[in-house]
Protein chains: 4
Amino acid sequence: MTGTDEHEPKWRRLPEERPQQILDAAIEVFGDHGLADARLEDIAKRAGVSKGTIYLYFPNKEALFKEMIRQTVIDQLEQTERDLVNDRGSATDQVRLFMRWWWALMRRPDYQRIHRLVVGELQRFPELVEFFWDEVIVRRQLLLDRLIQRGVDSGEFRPVDPTTAGRIVTSMFSAHSLWACTRFYEKQELTDEIVFDQVMDYFFHSLSPAAVLAVAAPGRS
Amino acid sequence: MTGTDEHEPKWRRLPEERPQQILDAAIEVFGDHGLADARLEDIAKRAGVSKGTIYLYFPNKEALFKEMIRQTVIDQLEQTERDLVNDRGSATDQVRLFMRWWWALMRRPDYQRIHRLVVGELQRFPELVEFFWDEVIVRRQLLLDRLIQRGVDSGEFRPVDPTTAGRIVTSMFSAHSLWACTRFYEKQELTDEIVFDQVMDYFFHSLSPAAVLAVAAPGRS
Amino acid sequence: MTGTDEHEPKWRRLPEERPQQILDAAIEVFGDHGLADARLEDIAKRAGVSKGTIYLYFPNKEALFKEMIRQTVIDQLEQTERDLVNDRGSATDQVRLFMRWWWALMRRPDYQRIHRLVVGELQRFPELVEFFWDEVIVRRQLLLDRLIQRGVDSGEFRPVDPTTAGRIVTSMFSAHSLWACTRFYEKQELTDEIVFDQVMDYFFHSLSPAAVLAVAAPGRS
Amino acid sequence: MTGTDEHEPKWRRLPEERPQQILDAAIEVFGDHGLADARLEDIAKRAGVSKGTIYLYFPNKEALFKEMIRQTVIDQLEQTERDLVNDRGSATDQVRLFMRWWWALMRRPDYQRIHRLVVGELQRFPELVEFFWDEVIVRRQLLLDRLIQRGVDSGEFRPVDPTTAGRIVTSMFSAHSLWACTRFYEKQELTDEIVFDQVMDYFFHSLSPAAVLAVAAPGRS
DNA sequence: GATGAATGAGTATTCATTCAT
DNA sequence: GATGAATGAATACTCATTCAT
C-alpha cells in the first residue's frame, strides 16, 4: 500500500502518542467551551485525528472529559512533588517558595481551564470529586501541613492548626486565580507578582506570633 | 386554599408573576445543569408553565440565562445595601457583622448555584462580566472599604490599603463558598460556623497592628 | 371602566366591518408571504384586531385564506361585469377596451398578490380550483367570447373559435402580469403601456383575415 | 435485482450520488408542498437517507431549495443548448421545432413543479431571481432571437423586433404550462398537442407579413 | 489502526388555536 | 363581542456515536 521503498518521515504519528494528543486537544476545547458545549469534532480536528479515532481510545465524551481532568491533575501533582525543594531554610521561606511555585502553576492557561471546569462541572461526577479529593486536596494538604507545622514548631508562626492554615492560604490563591483571567485584574492594575506578594503578606501577618495577643476574642455579634 | 368546592383553582393567570416564576425555575435548572445542559422543558415544567410561555417573556434561552443572573445578583445586592447596619460599634465588630451577613447569603443554595455559574460560564458573555464588575464587585468593595478604613483610622487595624484587604477577605470566603457544597466539608467536619470563625480569625490576625513589626520583609527566594 | 360620560368617537369600529378588515389585511400578508409563511398575528395586527378576533369570523387559517381568495376574486368579477361597456364601436375597439380594463386590473398590487397565490398554492385546494374555474375562467371567457364572435361575424377577424382566441390573449396577459413585478421589466425598459400595446398588436395581427392565406399549414417536424 | 441471496444491498454508501439523490427528492417534495410546507424529514425519507445526511451536503433548508432550483434549471438549459438543432430549414420550421422541444420540456412534471415554485416563491430570493434572469431568460431569449431574426430577414415574418416576438410566444406557452396541470384542460378537452398547435397557429399568424396592412393602427380608446 | 459518512435521538423555537377574563 | 396569555404539536437543526471501508 505504502509503496515499495520507504521514504516516509522517520517517526510520523506514533500511535502511542495518540491518547495524549487527544487529551491535549481536549484540554483546550473543553476549557474554552465547557463539557456540554465542546464538540468532539473540534477536539478531533485540533488533535489532528478523525472523529472516529477518539473512540478507539475513549469510550465516550464523558470518559474523555474525566480522563482529561484526571490526567492533567495527576501530571501537575506529580510534578509538584517532584519539584518540591528539599526542606531547607526558614519555614517562612519554604512556604513562600512552595506557594510561589504553586501560584505559577495556577496561572498557566491550561490550569486555569481545568480549574474553571472543576469548579463548574465537577459536581456532576461524584467519582471525579472523590478522586480529586484524594489525589489533589489531600496530597497538597499534606505537603503544606509539613511546612506550616515546622513554622509553628520553630516559633516563626503562632500556634495554629496547620491544616486550617493551609486551607486558608489555599482559598486566597484559589479565588484570585479564578479572578485573574477576567478583566478585573487589568482594571485594578494587578499583576501576578503583586497579587502573590499581597496574599503572602496577609497570610504571614495572620500567622505572626505577635498578633496573637492583639486580636480580641471574637465576640459574637 | 382552593376554596370549598372549586374543582379548579379560582385564579390562574397571574401574568405579572410569570417572569419571576420562570426565573425562579431557571435558577434551579441552570444551577443544576449549567447553561448548555439545561433543558427549557424542565424549566417550564418546574415553573408550572408550558414551553411556549417562556418565549412570551424571554426571547431565547441565552437571554433567560442572562436575565436570571442579572436579576438574582441585583436582588441580592439591593438587599445587602438595604440591610447593612448603621455604623456602630468597633470596626472589628462591624466587619464581622457585615461578613457574617454576607457569608449567610453565600451559603444559600440559590447563591451557590449562581456563583458556580458565574465562575463557570460568565467568561463567554463579556457584557455580563462588565455588568457583574460594575454592580457587584465595585459596590461590594465600596461597602467594605468604608468599614476597613475606619478600623485603620481608629488604630484597630494595621495601616493597610482597604481595597486590598477587602479583596483578601473576599477571596477567602469566595473559595470556601465554592468548596462548601462538596463533600469536602463533611470529611473535615467543617460547618458554616466553624469556617466563618476560622476565616475571620485569620483575617483579623492579618490586620493586627501588633503583627506589623513581627513579619519580616519578604525576602525573594 | 369606560368612565361616566360617553365621549367616544361617534362610530368607532363597526363590527359589521370586521370580516372585511381582516380579509383586507389577509390579502397583504398572504400576498407577501404565501399561505404557509403568513402569520396570523401579522394579519391581526394589520387589521387592527387581536389574534382571537380572527377566530370569531373564520374557523381557521385555511378558511381565511380560501375566503380571501374567493372574496377578492368575486369582487373583481362583479366589478368587471358591472363596468363592462355596452357593446358599441368595432369589435377591435371593444376587445381593446375590455383588455385595457382588464390589464389595469391585473396590474393592481392586490391582484398581483392573489394571482401569484393562485398559481402557487391553489393546487392544494381542489374546491377552490373548482370555484375559480366556474366563477372566473368561465365567466371571463363568456364575456370575451361575445366580443370576439362579433368580430368574426363582422369580418374584422379571421374565422376562429372565440374560446381559443380568448384563451390565447388571456395567456399573454397572464404571463406578462406575473413577469411584470420582477425586475425584468426594468431591465427591458418595459412599461405597462408598452406591454399592453405589444400584446394587443400581436393578438390583432394573429386575428387578421389577411393573414389566413399567408400562413402555411403546419408541417410536422 | 438485489442478487440471489443477498439480504442486504451489496453497495450502500455512494457518497458521490448523495447530493443528487437529495436534490431529486427535494424537487418532488418542494414541488408538492412549496418551500415552507415541505418537511426535511420527507425529503430525507424519499431520498433514502436520514435527516442528518442532508446537512452533510447542504447547510440548511433554504440552501437546499435554492440549489435545487439552480441545478434543475441549469440542467435543463444545458440540455436545451446541446439539443438545439443545427439551423436548417425555414425559420418557421425552426421556430416550430424549437418551441416543440421546449413545450415538451415544460410539460414534464419536474419542470411543472419548478415553474410553479419559481412563480410562487422566487420573489423572496433576489439572488435567485438574478440568477434566473441571467441564466434562463436571457439565454433562452438569445436562442429565439436568432431564429426569429432569420425569419424576418427572409421575409417569412413581418418585420418585428425579435426580442418582443420571443417574449410574446414565451408568454403564451408559459401561461398555458401553468394552466395545463389543472383540471381546466380536461374540461376543455385540451391536449398538449392541441395546445401546441393552437399557440403556434396564433403566433405564426401574428407574424404573417400579409397581416401587416390589414391591422389598423391602434386607436387609443 | 484510521477514517468520515451516516445515523437519529434530542432540543430550541415557532405559531395556529383555545379560552378565561 | 374582544382580548391576548397560554398551550403544545410540529419542525429545523445539532452532534455524539457507529461502522463499512
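Everything numeric in this text was worked out from a predicted model, so none of it was measured. (Residues numbered from 1 in each chain as written. Chains lettered and ligands numbered in written order. Predicted model: local features only at pLDDT ≥ 70, side-chain atom pairs only at ≥ 80, totals over all residues. Heavy atoms only, no water.)

Chemist: So what's going on with the interface of chain D and chain C? Which residues, and what values?
Modeler: The interface is formed by 60 residues belonging to chain D together with 61 residues belonging to chain C. Of the roughly 5500 Å² buried between chain D and chain C, counting both surfaces, carbon and sulfur atoms make up 59%. One can count four salt bridges joining chain D with chain C. For the salt bridge of D37 of chain C with R124 of chain D, the shortest nitrogen-to-oxygen distance reads 3.4 Å. (Contact = heavy atoms within 4.5 Å. Buried area = accessible area lost by both parts, 1.4 Å probe. Salt bridge = Lys/Arg side-chain N within 4 Å of Asp/Glu carboxyl O.)

Chemist: Just give me the short version of the packing of helix 6 (residues 109-121) of chain A against helix 6 (residues 109-121) of chain B, but keep the residues and values in it.
Modeler: It is at 8 Å that the axes of helix 6 of chain A and helix 6 of chain B come closest, and there the two elements cross at 150 degrees. Our classification of the angle between helix 6 of chain A and helix 6 of chain B gives roughly antiparallel. Note on packing geometry: the crossing formed by helix 6 of chain A with helix 6 of chain B is left-handed. Touching R116, V119 and G120 of chain A of helix 6 of chain A are R116, V119 and G120 of chain B, all from helix 6 of chain B. (Axes fitted to C-alpha atoms, helices over the stretch in contact; angles between N-to-C directions. Helix = DSSP H or I, 4+ residues; strand = E, 2+ residues; numbered from the N terminus. Parallel < 35°, antiparallel > 145°, perpendicular 65-115°, else oblique. Left-handed = near helix turned anticlockwise from the far one by under 90°.)

Chemist: Account for the protein's contact with DNA strand E, naming residues and giving values.
Modeler: DNA strand E sits among 33 residues. The nearest are R18 of chain A, R39 of chain B together with R18, T53 and Y57 of chain D. S50 of chain A places a main-chain nitrogen or oxygen 3.1 Å from a phosphate oxygen of DNA strand E. For the surface near DNA strand E, the secondary-structure elements that each account for two or more residues are helix 3 (51-57) of chain A, helix 3 (51-57) of chain B, helix 3 (51-57) of chain C together with helix 3 (51-57) of chain D. (Near = heavy atom within 4 Å. Polar contact = N/O pair within 3.5 Å; in protein donor to acceptor, adjacent residues only side chain to side chain.)

Chemist: So what's going on with the relation of the copies chain A and chain B? Residues and values would help.
Modeler: Aligned on chain B, chain A shows an RMSD of 0.2 Å; the corresponding rotation is 179 degrees and the shift along the axis is 0.0 Å. Look at the turn and shift together and you get a two-fold axis relating the two. Taking the C-alpha atom as reference, chain A places S206 of chain A closest to the rotation axis, 1.9 Å from it. Both copies present the same face, since 98% of the interface residues in chain A are matched by interface residues at the equivalent positions in chain B. (Least-squares fit on C-alpha atoms with pLDDT ≥ 70 in both.)

Chemist: Please give an account of the pattern of salt bridges that cites residues and values.
Modeler: Tallied over the full model, the rule gives 52 salt bridges over all chains. Here R158 of chain B ties to D201 of chain A by a salt bridge, and the two come within 3.3 Å at their closest N and O atoms. Here D201 of chain A lies in helix 10 (residues 192-207) and R158 of chain B lies in the loop between helix 7 (126-154) and helix 8 (162-180), a pairing that spans two chains. Look at D201 of chain A and you get partly exposed, because its relative accessible area is 28%. (Buried < 20%, exposed > 50% of the residue type's maximum accessible area, 1.4 Å probe, protein only.)

In short, shape yes, function no, at least from these values alone.
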